[in-house]
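Chain by chain, the residues run as shown.
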Amino acid sequence: MTFVTKLTLQSGDRAVLERVVDGIATTVERKGAEMKGPHPSPPETLHVPQHKRTTGGESFDPWSYTVYTRTIEIVGHDEVARGVMDRSLPSGVHLGVEVERVRPLGSS
């Protein structure tokens, strides 16, 4: 059986995210593992209203924050995926991991 490790990386700093994703891609290619991605998702912009008083009325400009997301899938090569997950990442990058077991076609 084969394991597919899906990495989801998110950050508010696009340049830092791209640097991390490029480093992961280089490591996976150097180890000879099969990789799909990185797949970019549309940036998500979050808006938070800011009021000057708790009763309403005047308000400041809303605070906004853009989150960039990239998804990478590593097929097989569990030790390569573990090595990527154990990396230290910059403080602004969030890593989510999902592992799925895939059976070959025709097997029961």
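Residues numbered from 1 in each chain as written. Predicted model: local features only at pLDDT ≥ 70, side-chain atom pairs only at ≥ 80, totals over all residues. Heavy atoms only, no water.

### Some words on the sheet that holds strand β4 (residues 93-102)
Reading across from one edge, β2-β3-β1-β4 is the order of the four strands in this open sheet, with antiparallel pairing throughout. Only two strands of the sheet have a single neighbouring strand rather than two, namely β2 (34-51) and β4. Strand-to-strand twist of the sheet, defined as the mean angle between neighbouring strand axes without regard to direction, takes the value 20°. Strand direction decides the pairing type here: strand β1 (residues 2-11) and β4, joined by ten bridges, are antiparallel. Looking across to β4, one finds that T2 is bridged to V102. Across the sheet, helix α1 (residues 14-31) lies against β1, β2, β3 (59-75) and β4, angled at about 5° from β3, the strand it touches most. Against the sheet, helix α2 (residues 78-85) touches β1, β3 and β4, its axis set at about 20° to β1. (Pairing = 2+ DSSP bridges. Helix = DSSP H or I, 4+ residues; strand = E, 2+ residues; numbered from the N terminus. Axes fitted to C-alpha atoms, helices over the stretch in contact; angles between N-to-C directions. Contact = heavy atoms within 4.5 Å.)

Everything listed here is a matter of geometry and, on its own, says nothing about what the molecule does.
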